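Overview (structure and organization)
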Amino acid sequence: MSSVVLATAGYDHTIRFWEATSGICYRTLQYADSQVNKLEISADKTQIAAAGNGQIRIFDVNSNDTQPVSTYDHPGNVTAVGFQKDSKWMYSGGEDGTVRVWDLRAPDCQRMYESRAAVNSVMLHPNQGELLSGDQTGHIRVWDLTANACSCELVPEVGTAVRSLTVALDGSLVVAANNNGICYVWRMLRGASHSTHFEPLHKLRAHPTYVLKCLISPDCQQLATASADRTVKLWSLDGFSLERTLVGHTRWVWDCVFSVDAAYLVTASSDATAKLWDLASGEAIRTYTGHHKACVACALNDSAIDGRDIDGQ
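Starting from 1, residues in each chain are numbered consecutively following that chain's sequence as written. For a predicted model such as this one, the threshold for reporting local features is a pLDDT of at least 70, and the threshold for listing and counting side-chain atom pairs is 80 or more; totals across whole chains, interfaces and linings nevertheless cover every residue. Computation of side-chain values: all heavy atoms of the structure, hydrogens and water removed.

**Quick look at the environment of Thr-46**
- Numbering of helices and strands runs from the N terminus; a helix is a DSSP stretch of H or I covering at least four residues, while a strand is a stretch of E covering at least two. Looking at where Thr-46 falls in the secondary structure, it is placed in the loop between β4 (38-41) and β5 (47-51).
- Exposure is judged per residue with a 1.4 Å probe applied to protein chains only, and the accessible area is read against the type maximum: over 50% gives exposed, under 20% gives buried, and values in between give partly exposed. Thr-46 gets classed as partly exposed once you look at its relative accessible area, which sits at 26%.
- Placed 15 residues apart in sequence, Thr-46 and Val-61 show a C-alpha to C-alpha distance of 5.1 Å.
- What qualifies as a polar contact is a pair of N or O atoms within 3.5 Å, subject to a donor-acceptor requirement within protein and to the restriction that residues adjacent in sequence count only when both atoms come from side chains. A polar side-chain atom of Thr-46 sits 2.8 Å from a polar atom in the side chain of Asp-44.

**What to know about the sheet that holds strand β13 (residues 140-144)**
- Here four strands make up an open sheet; going across it, the order is β11-β12-β13-β14 and the pairing antiparallel. With one partner strand each, in any of the chains shown, β11 (119-124) and β14 (149-154) form the two edges of the open sheet. On average, each strand axis in the sheet is tilted by 20 degrees relative to the strand beside it, whichever way the strands run.
- Pairing between two strands is assigned when DSSP locates at least 2 bridges connecting them. Looking at chain direction, β13 and β14 are connected through five bridges and run antiparallel. Geometry is summarised by axes, namely lines fitted to C-alpha atoms with helices restricted to the contacting stretch, and by angles between N-to-C directions that run from 0 to 180 degrees.

**A word on the packing of aromatic side chains**
- To pair, rings of Phe, Tyr and Trp, with the six-membered ring standing in for Trp, must have centres within 6.5 Å; the planes then decide the type, stacked if under 30 degrees apart, edge-to-face if over 60, and tilted in the middle. Tallying each qualifying case throughout the model produces eight aromatic pairs.
- Both rings, one in Tyr-113 and one in Trp-143, keep their centres 5.0 Å apart while their planes meet at 15 degrees; by these two values the pair is stacked. Of this pair, Tyr-113 sits in strand β10 (residues 109-114) while Trp-143 sits in strand β13, and the two are 30 residues apart along the sequence.
- Accessibility expressed as a relative area gives 6% for Tyr-113, which makes it buried.
- Ring centres of Tyr-184 and Trp-186 lie 6.1 Å apart, and the angle between their planes is 25 degrees; on these two criteria the pair is classed as stacked.
- You can call Trp-186 buried: its relative accessible area is 6%.
- One aromatic cluster is present, formed by Tyr-184, Trp-186 and Phe-198 through successive ring pairs.

**Observations regarding the sheet that holds strand β26 (residues 283-289)**
- Read across the sheet, four strands follow the order β23-β24-β25-β26 without closing on themselves; strand pairing throughout is antiparallel. Two strands bound the open sheet, and with one partner strand each, they are β23 (253-258) and β26. Averaged over all pairs of adjacent strands, the angle between strand axes in this sheet comes to 20 degrees, irrespective of strand direction.

**Overview of the pattern of salt bridges**
- For salt bridges, the criterion is a side-chain nitrogen of Lys or Arg within 4 Å of an Asp or Glu carboxyl oxygen. Under the criterion given, the structure shown has eight salt bridges.
- Between Arg-141 and Asp-135 there is a salt bridge, with its nearest N and O atoms 3.1 Å apart.
- Judged by relative accessible area, which is 3%, Arg-141 ranks as buried.
- Between Lys-213 and Asp-255 there is a salt bridge, with its nearest N and O atoms 3.4 Å apart.

**Observations regarding unusual backbone geometry**
- Although it is not a glycine, Gln-128 sits at a positive phi angle of roughly 65 degrees.
- Positionally, Gln-128 belongs in the loop between β11 and β12 (130-135).
- Even without a glycine there, the phi angle at Asn-148 is positive, about 60 degrees.
- Relative to the helices and strands, Asn-148 resides in the loop between β13 and β14.
- Using a relative accessible area of 43% as the deciding quantity, one classes Asn-148 as partly exposed.

**Thoughts on the environment of Pro-200**
- Mapped onto the secondary structure, Pro-200 falls in strand β18 (residues 196-205).
- Assessed through its relative accessible area of 66%, Pro-200 is described here as exposed.
- Through-space distance from the C-alpha of Pro-200 to that of Tyr-184 is 7.9 Å; in sequence the pair is 16 residues apart.
- Working rule for contacts: check all heavy atoms of both residues, and any pair within 4.5 Å makes them a contact. Leaving out residues up to four positions away in the same chain, Pro-200 has contacts with Val-185 and Trp-186.

Here it is as structure tokens:
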């Protein structure tokens, strides 16, 4: 089993797997139905979910089989996908205005929540019991999986699409990025009824145009924001000062993912490349070239199942 699984996808209907350090593409999967909007690798590195237009396909990470292990029909563009930590179930969100939960041992959707507007982002709370969604009309909702209902709703900017959500791994913070380039930061607090509520902490003017992805680092020290202005910025979560601006992509930056030690960042761009950045220097140390059209999704799992990280140490 590979200690580092790095994959990218986009509008050329392919998913590409890369050797992270050498930049060599060692496997290409065809996604014939549509472009790929999002990728997610399971915690145990055995499965990769690819969200397209009308369906989610799951492929085996470690086999040479070019066919998906399973396919789940989700109408319209699927904009969000992710796994529960033990890979017992999967969640998704899409332009059909729904947030869905899928039991991976069954063929159909187990639960469906109506957001009433196109869903752009869905994140699973680290407690594994709540999903957070952000939609095109600016609504953020918390879906309590135990109560099977929406437990909280907020609208940071009426009518301004929430493009991306991120939740700190320690459950302390949630950040929402919108189409105006602003990131809203809240503390997440547990109420007496154990439901999550939000305490406003900061409003960050991150970029002059769309923030397409925001992501809190695994060590909960930094916030990465990827933008249509072609840059990625790294912000300290202690004071929200700008620490680095990553410059090198020539078109919109759609996605980013940290290495498990938060020392590296992988980014995906409309310029048809992905890049690996050393965050200590702010330099791009590897560029992954091979996609023929916009690269809009990247996924990385370098967690130390076998004690190795992205450096192979």
